[in-house]
Amino acid sequence: MIAHDPKRDEAVLVMNEPKPWNDSEERLHQVQERFNAYVSFLLDGEFAEWDPKLAQKRVRIEVRCAHMPDSRGLDLLGQIHDQLAHQEIDVRVIVKKKDETGLTGSTKSNPENPVNPV
């Protein structure tokens, strides 16, 4: 999903991660490959062709997780965050919380460290 955040005037690419993090190389590789595809879309001109006006804005990739990433997942996301910061692409990790009824509630992220969810 690609959207415009009018409050921050940013383009937002949403990466949904519904699967649990299982500490496997395969899972980490899949996430890394998805990021590679998103970044390629942003930097290789495809995004500018798709929406020239939105492509001129700052970009944020939101990783929306249904489950808290494990330690290796957090390490990978931290490395990705640091690398993409050089390209002026912000990365935020959001973990959906469940309330007492078991229904999905609001999402939260830690603004101090966007790859370390609260």
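Residues numbered from 1 in each chain as written. Predicted model: local features only at pLDDT ≥ 70, side-chain atom pairs only at ≥ 80, totals over all residues. Heavy atoms only, no water.

Chemist: Sorry if this is basic, but what is going on with the pairing of strand 1 (residues 2–5) here?
Modeler: Each regular strand carries side chains that alternate between the two faces of the sheet. As paired strands, strand 1 and strand 2 (residues 10–17) are joined by four bridges and run antiparallel to one another. Within the sheet, the bridge partner assigned to Ala3 lies in strand 2 and is Val12. With antiparallel pairing between neighbouring strands as the criterion, strand 1 and strand 2 make up a hairpin whose turn holds four residues, including Asp9 at a positive phi of roughly 50°. (Pairing = 2+ DSSP bridges. Helix = DSSP H or I, 4+ residues; strand = E, 2+ residues; numbered from the N terminus.)

Chemist: Just checking my understanding: could you explain the layout of surface pockets for this structure?
Modeler: Over the atoms, a rolling probe the size of a water molecule traces out where space has been left empty. The space that makes up the largest pocket amounts to roughly 170 Å³. As for the largest pocket, its lining consists of Gln32, Phe35, Asn36, Val39, Leu76, Gln79, Ile80, Gln83 and Leu84. At the level of secondary structure, the elements contributing two or more residues to the lining of the largest pocket comprise helix 1 (25–43) and helix 3 (71–85). For the lining of the largest pocket, the leading source of residues is helix 3, giving five residues. (1 Å grid on protein atoms, 1.4 Å probe; cavity = no way out; pocket = protein on both sides within 12 Å on 5 of 7 lines; lining within 4 Å. Points joined across faces, edges and corners; volume = space filled by probe spheres on them.)

Chemist: Sorry, what's going on with the packing of aromatic side chains here?
Modeler: The geometry of an aromatic ring pair is captured by the separation of the ring centres together with the interplanar angle, meaning the angle of the planes. By the definition in use, this model includes three aromatic pairs. Arranged with centres 5.5 Å apart and planes meeting at 45°, the rings of Phe41 and Phe47 form a pair that is tilted. Among the residues examined, Phe41 registers a relative accessible area of 16% and is labelled buried. Ring centres of Phe41 and Trp50 lie 6.5 Å apart, and the angle between their planes is 65°; this geometry places the pair in the edge-to-face category. Cluster of aromatic residues (ring-pair linked, three or more members): Phe41, Phe47 and Trp50. A cation over an aromatic ring shows up here: Arg27 above the ring of Trp21, its NZ or CZ 4.5 Å from the ring centre. (Phe/Tyr/Trp six-rings, centres within 6.5 Å; stacked < 30°, edge-to-face > 60°. Buried < 20%, exposed > 50% of the residue type's maximum accessible area, 1.4 Å probe, protein only. Lys NZ or Arg CZ within 6 Å of the ring centre and 35° of its normal.)

Chemist: Looking at this structure, I do not really get the nonpolar core. What am I missing?
Modeler: If you look at soluble globular proteins, the nonpolar side chains tend to sit buried side by side. Grouped together as the largest cluster of nonpolar side chains are 25 residues, with contacts concentrated most on Phe35, Leu42, Ile61, Val63 and Leu84. Put simply, the parts of the chain that give this core at least two residues each are strand 2, helix 1, strand 3 (58–65), helix 3 and strand 4 (89–98). Here the element with the most residues in this core is helix 1; it accounts for seven residues. Excluding anything up to four places from it in sequence, Ile61 contacts Leu13, Phe35, Tyr38, Val39, Leu42, Leu84, Ile89, Asp90, Val91 and Arg92. (Core = buried A, V, L, I, M, F, W, Y, C linked by side-chain atoms within 4.5 Å. Contact = heavy atoms within 4.5 Å.)

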